[in-house]
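An overview of the molecular structure
What follows is each chain in one-letter form.
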Amino acid sequence: MGNEEAVFYSRVLTELTLSFHIIYATIGVGVPLMIMIAQWVGIRKNDEHYILLARRWARGFVITVAVGVVTGTAIGLQLSLLWPNFMELAGNVIALPLFMETFAFFFEAIFLGIYLYTWDRFENQKKHLLLLVPVAIGASFSAVFITMVNAFMNAPQGFDIVNGELVNINPIIAMFNPAMPTKVAHVVITAYMTAAFVLAAIAAFRLLKGSNHIYHKKALYLTMKLGFVFSIATALIGDFSGKYLAEYQPEKLAAAEWHFETQENAPLVLLGVLSDGEVKYALEIPFGLSMLAHNNPKAEVIGLDQFPADEIPPLYIHYLFNIMVFIGMWMAILSALYWFGINRGWKRVSSRWFRWLIVLGGPLSIIAIEAGWWLAEVGRQPWILRHIMRVEDAATTSGQVDLMLMLFALLYLILGIGSIVVLSRMFRKNPVEQELEDRHMEKGGDLH
Amino acid sequence: MTDFIIFYAPFIILIAAIVVAFLVAPMDGSVNKDE
Amino acid sequence: MNLEIIGITVLWSFLFGYIVIGAIDFGAGFFNAYSLLTGKERILTKVIQRYLSPVWEVTNVFLVFFFVGIIGFFPKTAFYYGTTLLVPVSIGVILFAIRGSYYAFETYGSRGHKGYSFMYGLAGLLLPASLSIVLTISEGGFIEMVDGHPVLDYWVLFTSPLTWSIVVLSISATLYISAVFLTWYANKAGDVSATDLLRKYGLIWSLPTIITAGGIIFELRRHNFEHYSNIQTFWLLFLISFLMFIGTVWLLWKRRNYGWAFGLLAGQFAFAFFGYGASHYPYLLYPHLTLYDSFTNPAMAISLIIVFILGLCLLIPSLVLLLRLFLFNKDYVRGKDNFHV
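Just so it is clear, the structure is predicted and the values come from calculations on it, not from any experiment.

This brings us to the overall build of chain B. Assigned secondary structure in chain B consists of three helices and zero strands. For chain B, the α and β elements follow one another from N to C terminus as α-α-α. Counting only C-alpha atoms, chain B reaches 50 × 10 × 5 Å along its principal axes. Looking at the 35 residues of chain B, the share that counts as buried comes to 43%. Carbon and sulfur atoms form 74% of the exposed surface of chain B, whose accessible area is close to 2000 Å².

Further remarks concern the overall build of chain A. The secondary structure content of chain A amounts to 15 helices and six strands. Compactness check: chain A gives a C-alpha radius of gyration of 24 Å against a globular reference of 22 Å for 448 residues, within 12% of the reference. Classification of the 448 residues of chain A by burial places 61% in the buried group. Summarising the internal contacts of chain A: among those between residues at least 6 apart in sequence, 78% fall at separations of at least 24. Surface summary for chain A: the accessible area is close to 17800 Å², and the carbon and sulfur share equals 62%. Computing the positive centroid from 32 side-chain charges and the negative centroid from 36, chain A places the two 18 Å apart.

Look at the link from A:Gln381 to A:Pro382: it is a cis peptide, with omega at 0°. Looking at the element boundaries, A:Pro382 is found in the loop between helix H12 (352-378) and strand S5 (383-385). Across the junction of C:Tyr281 and C:Pro282, the peptide omega takes the value 0°, indicating a cis bond. Looking at where C:Pro282 falls in the secondary structure, it is placed in the loop between helix H11 (258-280) and strand S3 (283-285).

Turning next to the environment of A:Ala201. Residue and element names in this part refer to chain A. Relative to the elements of secondary structure, Ala201 occurs in helix H7 (residues 180-208). Along the chain, Ala201 and Thr223 lie 22 residues apart, while their C-alpha atoms are 9.0 Å from each other. In this structure Ala201 touches Ile358, Val359 and Gly362, once residues within four positions along its chain are discounted.

Turning our eyes to something else, we now look at a nonpolar patch on the surface. Together, C:Trp235, C:Leu236, C:Leu239, C:Phe242, C:Leu243 and C:Ile246 make up an exposed nonpolar region whose accessible area comes to about 610 Å². Among the residues examined, C:Ile246 registers a relative accessible area of 42% and is labelled partly exposed.

So, about the confidence of the model for chain B. Confidence along chain B averages 86 in pLDDT terms, with 91% of residues attaining 70 or more. Looking across chain B, the model is least confident in helix H3 (residues 29-32) of chain B, with a mean pLDDT of 76, and most confident in helix H2 (residues 9-24) of chain B, with 94.

Here the focus is the interface of chain C and chain A. Interfaces are often sized by the amount of accessible area the parts lose when they come together. With 68 residues of chain C in contact, the opposing surface of chain A contributes 66 residues. On the surface where chain C and chain A come into contact, there are zero salt bridges. Taken together, the elements giving at least two residues each to the side of chain C that touches chain A come down to helix H2 (41-73), helix H3 (76-84), helix H4 (86-109) and helix H13 (298-327) of chain C. By residue number, the principal contributor to the side of chain C that touches chain A is H4(C), which donates 17 residues.

Now for the pairing of strand S4 (residues 278-285) of chain A. All names here are of chain A. Bridging between strand S3 (residues 268-275) and S4 involves seven bridges; their strand directions are antiparallel. By the bridge assignment for S4, Leu268 is matched with Ile285. Between S3 and S4, which pair antiparallel and follow one another directly, the connecting turn spans two residues, one of which, Asp276, has a positive phi of 50°.

Residues and elements named next belong to chain A. This structure, assessed with the given rule, holds 10 salt bridges over all chains. In this structure, Glu377 and Arg380 form a salt bridge, with 3.1 Å as the shortest nitrogen-oxygen distance. Residues Glu377 and Arg380 agree in their burial class; the two are buried. Via salt bridges that share partners, Arg56, Arg59 and Glu435 belong to a single interconnected network.

Attention shifts here to the packing of aromatic side chains. Following the criterion strictly, the structure yields 58 aromatic pairs over all chains and no others. Ring pairing ties together the aromatic residues A:Phe99, A:Phe103, A:Phe106, C:Phe14, C:Phe62, C:Phe65, C:Phe73, C:Phe74, C:Phe295 and C:Phe308, which thus form one cluster. The ring centre of A:Trp383 lies 4.7 Å from the NZ or CZ of A:Arg390, which sits over that ring.

Moving on, we come to a negative patch on the surface. Residue and element names in this part refer to chain A. Taken together, the side chains of Glu4, Glu5, Glu392 and Asp393 make up a negatively charged region of the molecular surface. Counting residues per element, the ones that place at least two in the negative patch are helix H1 (4-45) and helix H13 (391-394). As for its placement among the helices and strands, Glu4 is situated in helix H1. The exposure class assigned to Glu4 is exposed, which follows from its relative accessible area of 68%.

Considering every one of the two pairs of chains in contact, the largest contact total is recorded for chains A and C. Nothing in chain B touches chain C; the tightest C-alpha to C-alpha distance between them is still 23 Å.

Turning our attention to the interface of chain B and chain A. Facing the 25 residues of chain B at the interface are 41 residues of chain A. Both sides of the chain B and chain A interface together cover about 2800 Å² of buried area, and 77% of this is carbon and sulfur. Across the pair B:Asp28 and A:Lys45 runs a salt bridge, and its minimum N-O distance is 3.0 Å. The interface formed by chain B and chain A holds six residue pairs in polar contact (both at pLDDT 80 or more) in total. Here the side of chain B that touches chain A takes 11 residues from H2(B), the largest share from any one element. Here the residues of the side of chain B that touches chain A sort into 18 nonpolar, three polar and four charged.

Time to look at H12(A). A rise of 1.5 Å per residue sets the reference length of H12(A), with its 27 residues, at 39 Å; its end C-alpha atoms lie 39 Å apart and thus fit the reference within 8%. Considering bend angle alone, the principal kink of H12(A) is centred on A:Gly362 and spans about 30°; proline A:Pro363 follows within four residues of it.

Its 29 residues give helix H14 (residues 401-429) of chain A an end-to-end C-alpha distance of 41 Å, which sits within 8% of 42 Å, the value for a rise of 1.5 Å per residue. Regarding H14(A), the residues found buried are A:Val401, A:Met404, A:Leu405, A:Phe408, A:Leu411, A:Tyr412, A:Leu415, A:Gly416, A:Gly418, A:Ser419, A:Val422 and A:Met426. On the buried face of H14(A), the contacting elements are H1 and helix H2 (48-82) of chain A together with H4 and helix H5 (114-138) of chain C.

All names here are of chain C. Considering the arrangement of structural elements, one finds Glu144 in strand S1 (residues 143-146). For Glu144, a relative accessible area of 49% translates into the label partly exposed. A sequence separation of 60 residues divides Glu144 from Thr84, and the C-alpha atoms of the two residues are 9.8 Å apart. When sequence neighbours within four positions are dropped, the list of residues in contact with Glu144 reads His149, Pro150, Val151 and Asp153.

This part covers the environment of A:Ala266. Residues and elements named next belong to chain A. Note on placement: Ala266 falls in the loop between helix H9 (250-257) and S3. Classification of Ala266 as buried rests on a relative accessible area of 0%. Ignoring sequence-local partners within four residues, the contact set of Ala266 consists of His259, Phe287, Gly288, Leu289, Ser290, Pro297, Ala299 and Val301.

Parameters and conventions
Residues numbered from 1 in each chain as written. Chains lettered and ligands numbered in written order. Predicted model: local features only at pLDDT ≥ 70, side-chain atom pairs only at ≥ 80, totals over all residues. Heavy atoms only, no water. Helix = DSSP H or I, 4+ residues; strand = E, 2+ residues; numbered from the N terminus. Buried < 20%, exposed > 50% of the residue type's maximum accessible area, 1.4 Å probe, protein only. Areas by Shrake-Rupley, 256 points an atom, 1.4 Å probe, with all protein chains shown as cover. Rg over C-alpha atoms; globule rule 2.2 N^0.38 Å. Contact = heavy atoms within 4.5 Å. Lys, Arg positive; Asp, Glu negative; His and termini not counted. Charge placed at Lys NZ, Arg CZ, Asp CG, Glu CD. Patch = residues over 30% accessible without salt bridge, like charges linked within 9 Å, V, L, I, M, F, W, Y side chains within 5 Å. Salt bridge = Lys/Arg side-chain N within 4 Å of Asp/Glu carboxyl O. pLDDT = per-residue confidence, 0-100. Pairing = 2+ DSSP bridges. Phe/Tyr/Trp six-rings, centres within 6.5 Å; stacked < 30°, edge-to-face > 60°. Lys NZ or Arg CZ within 6 Å of the ring centre and 35° of its normal. Buried area = accessible area lost by both parts, 1.4 Å probe. Polar contact = N/O pair within 3.5 Å; in protein donor to acceptor, adjacent residues only side chain to side chain. Nonpolar A, V, L, I, M, F, W, Y, C, P; charged D, E, K, R; others polar. Expected span 1.5 Å × (residues − 1). Bend = angle between axes of the 7 residues up to and from the residue.

See the structure below:
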């Protein structure tokens, strides 16, 4: 039967939705923590700049949250619409974290509504900050629960299949599968990191565009510091992910690293291109892969030779791996230089070209997130549920997926442009200098 | 050791990073002084 | 009471919650857009936006809760409904996305932007229509099994009077529910002209709502006789529902007790909705799928129910806080203070 088309278009549509949603989802998970930190610093130091920073971030955040919510709903429904066979099985085993995610989302939504509409309503600022805690927790836990489902797809457990029937189902064991800790921690920490660098890029951009207000300098310094902390944690957790892969999903690691033959003292291949099955122009770090996989330069690392040809993921994931890792390292170096440089009074880190590099760091971080997710998803191929269900067996048999693909592509285009236009107009119409002045006028009436 | 790294260490790092973030966030002497 | 019934009752209640608060939301968006078109925005916009702003995201969660819950409790629905509903639900999702994001664009980005307001007003009105198709399909007769896969017959679907009556009902009920609620809300806000206008809308839309609702029961006789005769056994619920409808309209007509009017309206829809749901039992999809052959395993069912109870312990206090701060707070409702971010 001609179901290949439906499978193909289902994959493209899912990839498109996820790639679009992940931008807003990442910001949605990361930014509440940034708002919380800024507001906390503002209250502690009694510095109105940080409070205003939190307030302005919160304003922009609402727009991204709205797009994140609707695209998240889209992917939630598309899972059932495009992969009904998978969802039937998944519903039986891994529905619990999906269900929990809606509660986390619920919790976040309620308190976000309250938080947004209670600015200056409380005498005690701390009470208002307290309302943000459930928002940040809800946002992060949404990511935790939904990533548990993704982890389950990589390392399914908590059930047995006997004669095609699911038996001995244990939802808790399914949730706490071996892929879960590294994946969940990696997703959450990179969301924080990306949010910090995106906000840093905005602050740097304002400084480049003529505003020399200390508000932006504080914002930039704060976000670069946070970005540095989170990028170091990301690197560490990324290293743990390598160890998880070596232990439980060696084919994914081997394909991402172009590690063809099982060997000891395995080197780590960076960059390079693949032509006719040979790696060219690559940078080899001796013992690197053995270290990444087992923390031991002599350890044996399983190569692609151990797997049947039809169970090896596409080798282009190596490029995705490189993009992700190099951007991550680059951002760690850039933010370290900035932090160190500011403390040392280096003029160079406040120069125009350095600020342009920081601006560039915003989109780069988003690209790293995208590359990371493509690596995670393509690296699991050909499985939708590793060693249990193949992608082509999971897809819908409906014939209209291509039409839906076009409709959704149009929708994301409209939403993407719309959110950018609205956000930039929102902040251009109300620059920070203006707002600070307005607030002083208002306060002036109260104080004197 | 491997089990510890795969199952527990990621969460320890994650929580530690959040704590460190709160600790370093208020240190803004270097940008505040040139006001 | 077995696990299957508990599961479907929970889900059905959330769907009911979504239908009521979603209808308020969508109808309000439509009235807002309509008032812009007819130059009455000074009367309506303020009261509508005051209500909508803090709660819009919460509304969405009810829908997400329902479809995630149904996959959890009844995984086989993913196979039957997932395969056949690709087009109608995708269109619903697109409308939902436009509705949600343009609402945020207008409210937080550019207040009073006419283009955005029309977009979300219209999307919100079409949304119930597209989602109501799911209820139509569940009546059976539109899905054929081809090579073991369910296939939706669009021609039969779109030429059936049942489909169109349900579409009309969903739209008029949306506007009716919304108008009655907002009448109450505007009255609380002490906004006389808005109250009058919304009361008029409520009375206008009550008629098509009750006519199509009755018509659908009549059409079911031809379409799905089994369900039709089941409905007869629940005649008492539908009678109570009808009496409550009369009560709402009477109170609106007499311009009094708008709070009670909305309470009766909620009761009217609750009795009809649960009566309809109960008469649908045990089918999730006539005649292919029942509660029992689609139910998940006991381990999953019990853990879902435990999580549900724990989740409610967290949610109910939070919801009460939200309602107390915004819906039942006199100063907020009257627009005395504005603490928007």
